[in-house]
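Results of the structural survey
For reference, the chains in residue letters:
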Amino acid sequence: MTEQLVVNGTGAGWTSVVAGNLRWIEELLDSLGLPAERSDELRARLTAVRARAADPQLRVAVFGEASSGKSTLLNAFLRRRLLPSSALVTTRTTTSLECLGGAEGLTVRTIDDTVLEWPSAPFARWAGLKSGPGTMERALERVLTTELAEDVSGLWVHSPARLLGGGLTVIDTPGFSVTERGHRELAEAAARQADLALVVVPTVAAMSLTLADFLTGPLRDHHDRCAFVLTKIDLLDEEERAEAVEVAERRLRDLGCADPLLLPCAPGKALGEVTGGGRERDGAGHLAVFERVEARIARLAADSRQSAIAATVLGLLSELLSAVEETAEARRTALARGERELAALTLPDLTAVLDSWSARTLDRTRAEMNAATIGMSGTSRTKLDSKVGDAVAGEKINDLAAAAQEVSRLVRRHLRRHAERVVQKAARRAGELLTTAADELARDFTAQYSALAGLAGESRTAPPVPSVAWPELPAPDMSGIDQALTAIGARLTSGDNWRTGGGAMAGALAGSLVAPVIGTVIGGALGALIGRRGADATREQFLRQARPVITAAHEEIAALAAACLPRVQEELAESVAALRRRYDDEWRDEITRLTEAHDRRRAELAVGIARVEKAAAAARRRRDEVAALRRATGRTVPEPEES
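Residues numbered from 1 in each chain as written. Predicted model: local features only at pLDDT ≥ 70, side-chain atom pairs only at ≥ 80, totals over all residues. Heavy atoms only, no water.

1. Some thoughts on the packing of helix 12 (residues 400–455) against helix 16 (residues 535–562)
To keep things clear, this is the line we draw: Convention adopted: a line fitted to C-alpha atoms gives each axis, helices being fitted over their contacting stretch, and angles between N-to-C directions are expressed from 0 to 180 degrees. Numbered from the N terminus, helices here are DSSP runs of H or I no shorter than four residues, and strands are runs of E no shorter than two. Should an angle fall under 35 degrees it is called roughly parallel, over 145 degrees roughly antiparallel, and 65 to 115 degrees roughly perpendicular, with every other angle called oblique. Throughout, a crossing is termed right-handed when the near helix is turned clockwise from the far one, and left-handed when it is turned anticlockwise from it by less than a right angle. What makes two residues a contact is simply this: any of their non-hydrogen atoms within 4.5 Å. Under the scheme applied, nonpolar residues are Ala, Val, Leu, Ile, Met, Phe, Trp, Tyr, Cys and Pro; charged residues are Asp, Glu, Lys and Arg; polar residues are all the others, including Gly.
Two elements in contact, helix 12 and helix 16, have axes separated by 10 Å at closest approach and are oriented at 25°. As the angle between them shows, helix 12 and helix 16 are arranged roughly parallel. You can see that helix 12 and helix 16 cross each other, and the crossing is right-handed. Here Leu400, Ala404, Val407, Val411, Leu415, His418, Ala419, Val422 and Val423 of helix 12 lie close against helix 16, whose contacting residues are Phe542, Ile550, Ala553, His554, Ile557 and Ala561. Here the residues of the contact of helix 12 with helix 16 are counted per class, giving 13 nonpolar, two polar and no charged.

Next up, the structure:
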């Protein structure tokens, strides 16, 4: 970037400093990457500052409250009562007084960018002057005090007045206000572009709060380019004038004006001498005093020009510094936010994500399958016990062989159904759990993918994620269960036990239930006991001997059914692995790309932060140098010598 020239004093070196700073600002705006809106705003300011620096026209902005004597001062500059009093003015734009070829005239720019010249027929039609262009006073009155003022965006009054003849423009603001936003903005803009700010202060009134707010607000940074015109001095007695000037100076110092320049005069009296022909020949009248004030204003404007341009450059550097610091802070915030958000994402380590999901899914499914199996086993035992009780209820125990066969049949059927339900429910639950887990993985993956894409500076939504594949399991191998059930039935209905009959038969059955191999040995003893009892005792004896066998049978079948579950778990593990492979195959490269893009963006942000911090340091240094230059070009116009 262009290095700034550091010089002392004014002249060509001063011009180089201004030009060097403006080039540096332009280059910085081209390379820094500020937000578009802020960059455009600063470029517009840069263009305006360059135009101002290249324009030799001197500008004096006039500020004042209603009834301060501002309109009278302006008319005194023009040497005629041309402008209406400020109390009547309704326009919300500035009025520029300038010399244009020595001719009188008006130029009006409307809000739709139409330019109208007075005197002319188009102006007369627009202004509603039915009897021709009329006088200049009448034309200004229409422009400034009627509803036409709402359509005016700019007004220029051309006059060959003495003050304007040396290339000086006087800018009349519509009156400063701390509450009217439009007025305040106009005041700030006028203060920025003016070489000299004339603040009209009536000596007959105390300095108002509005004026105080204006001096500490829009004019806060322009005190070195302010001059205070103390009007209506003629309304005070001779001995009161010095005191009034002293009071005004003290009050201005209190408001932050370190060395206020006061210009006491009586513009109204001076204008009266011009229009009434009452000017004193010895130069002691009000007009003579006013002419000396006027001459000093012109010298002040010329002397303050470099300070004014330095002020505009300083203001632009301050705005640029603010924008650069805001950009640096925004980038630091973005970097910190990106690092926090990336830390909250697990997706960049896709292997770990899929491993964790797979293990979590398998563990959960295994635990729920086991819990469901245990729950079903307890319910099954309760139901089977009830069915066996029903099989030997009432007089059914009297036909012990038939009862034994019924018990055998229902035990075998119940246990087979129980085994089938255990395996089927396990497979169904495994499918449900896998579907749920796959949906959870899909949602989390999509959300994290979108977040990662955003961190990488992309706006992308993940394509549809792989769906779960859960095969229809084949019927479980129940051959082992069928063999076990056959053996259980044989133990319950051994043919040898039914040939003894009566109590011996019951004893043989009970004996076979306890120990099929030695049942006939103890059958006689049991038979004698059962034979001497009734149906209830027989039933109780039968159930007491049968239940251990049935319980053992239930446990055996449950174990055989549980032995079928590993096949379900194998299928589950294969489906989980297949889904995991699809994620890994389809997304690994994309996740790696996005992660690398994010890393590059983080690096770019870090470089950008370093760049803007370096630019901010340079802007602060330049701002301080321009501020020193502005102080060095402060006004040095001496008091005019008395003639």
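Don't stop here, the text continues.
2. Focus: the pairing of strand 5 (residues 152–158)
Our working definition: Each residue is assigned to one of three classes by its accessible area relative to the maximum for its type, calculated with a 1.4 Å probe on protein chains only: buried under 20%, partly exposed between the two thresholds, exposed over 50%. Between any two strands, pairing holds if DSSP finds at least two bridges.
By the criterion of burial, strand 5 is predominantly enclosed, with five of the seven residues buried. Pairing of strand 2 (residues 95–98) with strand 5, which is carried by four bridges, proceeds in the parallel orientation. Within the sheet, the bridge partner assigned to Ser96 lies in strand 5 and is Trp156. Pairing analysis gives six bridges linking strand 3 (residues 105–110) to strand 5, with the strands arranged antiparallel.

3. A word on the side chain of Thr312
The criterion, for reference: Identification of polar contacts relies on pairs of N or O atoms within 3.5 Å, with a donor-acceptor requirement for protein atoms, meaning one able to donate a hydrogen and the other able to accept it, and with residues adjacent in sequence counted only if both atoms are side-chain atoms.
The topology assignment puts Thr312 in helix 10 (residues 286–344). The exposure class of Thr312 is buried, given its relative accessible area of 9%. Within the structure, the side chain of Thr312 is placed 2.6 Å from the backbone oxygen of Ile309, a separation counted as a polar contact. Aside from chain neighbours lying at most four places away, what touches Thr312 is Arg45, Val49 and Arg192.

4. A word on the pairing of strand 4 (residues 115–118)
Residues Leu116 and Trp118 line the buried face of strand 4, whereas the alternating positions Val115 and Glu117 sit on a face that is not buried. Sheet analysis places strand 3 next to strand 4, joined by four bridges and oriented antiparallel. When the bridges of strand 4 are listed, Thr107 appears paired with Glu117.

5. Thoughts on the sheet that holds strand 5
Pairing is mixed across the open sheet formed by nine strands, whose spatial order is 4-3-5-2-6-1-7-8-9. Of all the strands in the sheet, just strand 4 and strand 9 (262–264) have a single pairing partner and so form its edges. Put simply, the sheet's adjacent strands are angled 20° from each other on average, direction ignored. Sheet contacts for helix 10: strand 1 (58–63), strand 6 (168–172), strand 7 (196–202), strand 8 (226–231) and strand 9; angle to strand 1, the most-contacted strand, approximately 120°.

6. Overview of the environment of Pro348
With respect to the element layout, Pro348 can be found in the loop between helix 10 and helix 11 (350–391). Measuring from C-alpha to C-alpha, the distance between Pro348 and Glu590 comes to 10.0 Å, with 242 residues separating the pair along the chain. Once you skip the residues sitting within four places of it in the chain, Pro348 turns out to touch Leu342, Leu452, Ile591 and Thr595.

7. Focus: the state of the cysteines
So the rule is basically this: Two cysteine sulfurs form what is called a disulfide whenever their separation falls within 2.5 Å.
Under the criterion given, the structure shown has zero disulfides. With no disulfide partner, Cys257 has as its closest neighbouring cysteine sulfur the one in Cys226, 6.2 Å distant. Exposure remark for Cys257: the relative accessible area of 2% places this residue in the buried category.

8. So, the packing of helix 2 (residues 36–54) against helix 10
Where helix 2 meets helix 10, the closest approach of the two axes is 10 Å, and the angle between their N-to-C directions is 170°. It follows from the interaxial angle that helix 2 and helix 10 lie roughly antiparallel. For helix 2 against helix 10, the interelement crossing comes out left-handed. Residues Arg38, Glu41, Leu42, Arg45, Leu46, Val49, Arg52 and Ala53 of helix 2 lie in contact with helix 10, whose contacting residues are Arg305, Ile309, Thr312, Val313, Gly315, Leu316, Glu319, Leu320, Ser322, Ala323 and Glu326. Class assignment of the residues belonging to the contact of helix 2 with helix 10 gives a composition of nine nonpolar, three polar and seven charged.

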